[in-house]
Structure formats: structure tokens, C-alpha cells
Amino acid sequence: MAVTLRSPHEIELMRVAGKLAADVLIMIEPYVKAGVTTGELDDICQDYIENTQHAISACLGYHGYPKCVCISVNEEICHGIPGTRHLKNGDIVNIDVTVIKDNYYGDTSKMFIVGGHTVPINSRLVKTTQECLYAGLRTIYAGSNLMDIGASIQKIADREGFSIVRDYCGHGIGNVFHDEPTVLHYKNKDSLVLQEGMTFTVEPMINVGTWKTKVNKKNGWTVTTADKLGSAQYEHTIVVTKDGCEVLTIRPEEEEAGVISRILHNRPE
Ligand code: MF3
Ligand code: CO
Ligand code: CO
């Protein structure tokens, strides 16, 4: 199936939506503390998205999803439904935010370590997962292959002895939530040639133990690792440019850390 190429006007709308999604992650940071419930964090996000940003949560009501954001703790991989779970020091927590503004979507997630410290294996997992996202993003330019993303992520995960979730992927995004292409985060043979104006997410989910997943039977949503060991995820929405990509959901903390910038020049000389 053909992948939609976005016009400069559409990309401008996605810049706005991307910034709003990133802003939610920045706003929520000081509330991610021991004792808070994931449901309370969701309420704060919902109030901010609706009443401050005048935007819409793409998740609320999506295929019946009941909450505003996804909050996935420790062994939860993704689609954690906020509720009565109290966070405790050392928990590793992913908050995944997708907002819609003027019909365009921005989708991003990051990890929080409650209290700032966790066990060494989880801390290495979180670091590695972010490194996987950045490595994937650094392969992208008009003319590169989609499979370069997965290959670069696999190298890092293998080096660290972690596994990569295979059942959930990145996705095209624009004026719809989940579109072509499907972005695999592991070594694969998808030779799709990237073109300027393609917009999609890269969102590796990396596990300490097995890559195998389980969906919570009671709520139908929350995905956990089959072995209950830890999982981490980072996600950005990008647009492919001639020379690289533009990270539409970048946060200032990332640029300040000097690890990545909004505009990436990735094309080899
Ligand atoms: N934000 C998730 C993604 O990265 C999708 C969440 S769908 C929901 O694609 F319904 F669970 F919210
Ligand atoms: Co996504
Ligand atoms: Co997401």
C-alpha cells in the first residue's frame, strides 16, 4: 500500500500537534512521584490537554480505550490503563501521549524513573531503550530503507542482551492515528524506500527478558511481558526530510543533553 506524503501545510499542523504531545510529557514530570496513582496522572493530563491546550486525546475512546493517556509500569510494555495503582520509588514508568489538534496527530512517549533511582538492570534498560530510539531515528533520510531502522535498533539491543517486542510496531501518522507504513523495531527485510514528507513514529519496546507479550484478559488492553520482567519504551513522531528527519515531538531536555536535535542530518556524505 502507498504511503501518504504530507504537504508543507500538513507538516506545519503536525509540528503543532507534536509540540503539544511533547508538552504533556514535560508538564506531567513533577507529578510522577511515589504515592501518586496512575489514574491521578491521567486526570492531570486530560485536564491539561483539554483545558489548557484545547486539544483532544487521540486515545480516549479509540477502539473503546477508556483513558486519556497510556501509563505502563515495570513489566507493562504498553497500553497500560491508568487506574488505582500507586507508583513507588524505583518503578520505571512509560507515559504515552497522543493528541489531536486541527485533525492532525502527535504521538510520543518517554520513561520516568520514580524517585530518580532504580535497580541497575532497569536503569540500563531505560538508557538502552532511549539509545535504540535515537539510533533508529539516525538512519532516516529520503532514499534510506525502512529496514535500516530495525537493524540499528537490533544491534544495540543485542549488544545489551535485551529483547525487542515484535507484536507492536511504529506506524504512519498524520490526520489518522495508525497508518502505513508499519515500522518494525527488529531486524527485518522491509525495503520500503523513504521519501520526503513521509510521517511516522519510531517507538521501540525493549525487554529485560523475553520479547513475548501477554494482553490482560480482564481489561483487554494492558500488554505485559510474558515473564513479568521489565520493559521500556520511547517514542517520537518524525517527518522524513531530504537529508534526514525532523523530530516533531522533540523536548528541550533532549536537545540540551546534546544527544539529539530537532533536525537530524543523516544522509551519508
Ligand atoms: N500511543 C500508542 C501508540 O504509540 C497507541 C495507544 S492506543 C490506546 O501507537 F488506545 F491504547 F491508547
Ligand atoms: Co505510536
Ligand atoms: Co504512542
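Residues numbered from 1 in each chain as written. Chains lettered and ligands numbered in written order. Predicted model: local features only at pLDDT ≥ 70, side-chain atom pairs only at ≥ 80, totals over all residues. Heavy atoms only, no water.

The name given to the protein chain in an unreviewed UniProt entry is Methionine aminopeptidase, with Candidatus Anaerobiospirillum pullistercoris as the source organism. UniProt, in the comment section headed Catalytic activity (unreviewed entry), describes the protein chain in these words: "Release of N-terminal amino acids, preferentially methionine, from peptides and arylamides." (UniProt positions renumbered as here; feature names shortened; annotations may be inferred.)

It is worth spelling out the UniProt feature "domain: Peptidase M24" (unreviewed entry) in the protein chain at this point. UniProt tags residues 12-242 as "domain: Peptidase M24" (unreviewed entry). Measuring from the first to the last C-alpha atom of residues 12-242 gives 17 Å, for a span that is 28% helix and 26% strand. (Helix = DSSP H or I, 4+ residues; strand = E, 2+ residues; numbered from the N terminus.)

In this structure, D107 (OD), H171 (NE2), E203 (OE) and E235 (OE) serve as the protein donors to the cobalt ion (ligand 2), at separations of 2.0 to 2.2 Å. Coordination geometry of the cobalt ion (ligand 2): the 6 donor atoms subtend angles of 50 to 160 degrees at the metal centre, consistent with an arrangement described as irregular. Sequence spacing of the donor residues for the cobalt ion (ligand 2), all on one chain, is D-x63-H-x31-E-x31-E. Here the cobalt ion (ligand 2) and the cobalt ion (ligand 3) are spaced 3.3 Å apart, with D107 acting as a shared donor. Residue H171 is found in strand β7 (residues 170-172), and its partner E235 is found in the loop between β13 (231-233) and β14 (236-240); the two are separated by 64 residues along the sequence. Since its relative accessible area comes to 5%, H171 is described here as buried. (Donors = N, O, S within 2.8 Å, 3.2 Å for Na, K, Ca; no water. Tetrahedral: all angles 85-135°; square planar, octahedral: opposite > 155°, others 65-115°. Buried < 20%, exposed > 50% of the residue type's maximum accessible area, 1.4 Å probe, protein only.)

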